[in-house]
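Residue strings, one per chain:
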Amino acid sequence: MRGVYPAHILKCIQERFAVSLYEEFDLIAGTSTGSILAAAVAAKIDISKVLSLYETHGKEIFKKNPFRQIPYIGSLLKIAHLSFQSQYKNNRLYSVLNSTLGDVKLGDISKPLIIPSSDIGNGNVHIFKSYYYNKYKRDRIVRLADAVLASCSAPLYFDPARVNEYLLADGGIWCNNPALVCVLEAQKRLGVDLKDIRLLSIGTGQSKKGYSINSGKHWGIFRWKGTNLIDYIMSLQSQAIDNYLGFLLAKDQYIRINFEYENPLPLDEYSNIKDLISKADKSASYKTDDLAKIFSE
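Residues numbered from 1 in each chain as written. Predicted model: local features only at pLDDT ≥ 70, side-chain atom pairs only at ≥ 80, totals over all residues. Heavy atoms only, no water.

## Quick notes on the side chain of Ser32
Position of Ser32 among the secondary structure elements: in the loop between strand E1 (28-29) and helix H3 (33-42). Here Ser32 falls in the buried class, since its relative accessible area comes to 12%. Look past the residues within four positions of Ser32 in its chain and what remains in contact with it is Ser151, Cys152 and Asp170. (Helix = DSSP H or I, 4+ residues; strand = E, 2+ residues; numbered from the N terminus. Buried < 20%, exposed > 50% of the residue type's maximum accessible area, 1.4 Å probe, protein only. Contact = heavy atoms within 4.5 Å.)

Next up, the structure:
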């Protein structure tokens, strides 16, 4: 659900600078919820439509179990879910992806597109790529909706996705922020000199929450409340990549747009949509001058 934030920022860029997102970018990448946005831009789907998907289908995709609202029973069910199965079925999400992306395959997309996932069957990274380099033949017949579902299959939230011979999970396990992958790919495969790269990276929120020095004695699953651990790992990854790129690229080459939060901001909380849109609008306005350097040239 935190994909609402980057979706609205992209919408602001499209409308305020009167540009085509598809035409403006030479390479597009997105992980997890970001893969929905990246796929949509690469498939020439209007970002406003994608934003409305979050608003329309969020509650349906993350449908709560009514028994969890009863404190004691809810606690038992949550323990059972954390122990034996994912919190949500992915069929609702898959239905939305299919209706939006249709039967488009990665081989049909000429725009360089990168969608990271994790090959949990073989213990490797797995990166879906459109057919923009003549050696990228494996993914040509992969449906775009299948690649996005795999990248969105966050552990504890959704079961892994089967794509052809691979069992795949969320790319956020290793590449929650794919910006560095973009820089390396632009250099190696597209032949772009590092000094000529201009990079826009949009996050989905960065936690400011810390833990007391005295809290280290009780560090089990209940300390993390299950999915909080996944959120924390992904947040740290994004921060690390942001730091690396800050050293690698000059200030006028790299724009990072994100926001910090202190209160819990779960990946599955659809009631936060209006707050996320408000934060995104504020962030886009604050970065207007920086964005203008890219989109007004």
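## A word on the side chain of Ser130
With respect to the helices and strands, Ser130 occurs in the loop between strand E3 (124-129) and helix H7 (144-152). Of note is the side chain of Ser130, whose polar atom sits 2.9 Å from the backbone nitrogen of Leu113. Excluding residues within four positions of it along the chain, Ser130 makes contact with Leu106, Ile109, Lys111, Pro112, Leu113 and Tyr136. (Polar contact = N/O pair within 3.5 Å; in protein donor to acceptor, adjacent residues only side chain to side chain.)

## Some details on the pattern of salt bridges
Working definition: two side chains of opposite charge can pair if their charged atoms are close together. Under the defined criterion, the tally for this structure stands at nine salt bridges. With a closest N to O distance of 3.1 Å, Arg16 and Asp281 form a salt bridge. With a gap of 265 residues between them, Arg16 in helix H1 (residues 4-16) and Asp281 in helix H12 (residues 273-286) connect regions that are remote in the sequence. Here Asp281 falls in the partly exposed class, since its relative accessible area comes to 28%. The salt bridge involving Lys195 is made with Asp196; its shortest N-O contact spans 3.6 Å. Via salt bridges that share partners, Asp103, Lys105, Arg143 and Asp146 belong to a single interconnected network. (Salt bridge = Lys/Arg side-chain N within 4 Å of Asp/Glu carboxyl O.)

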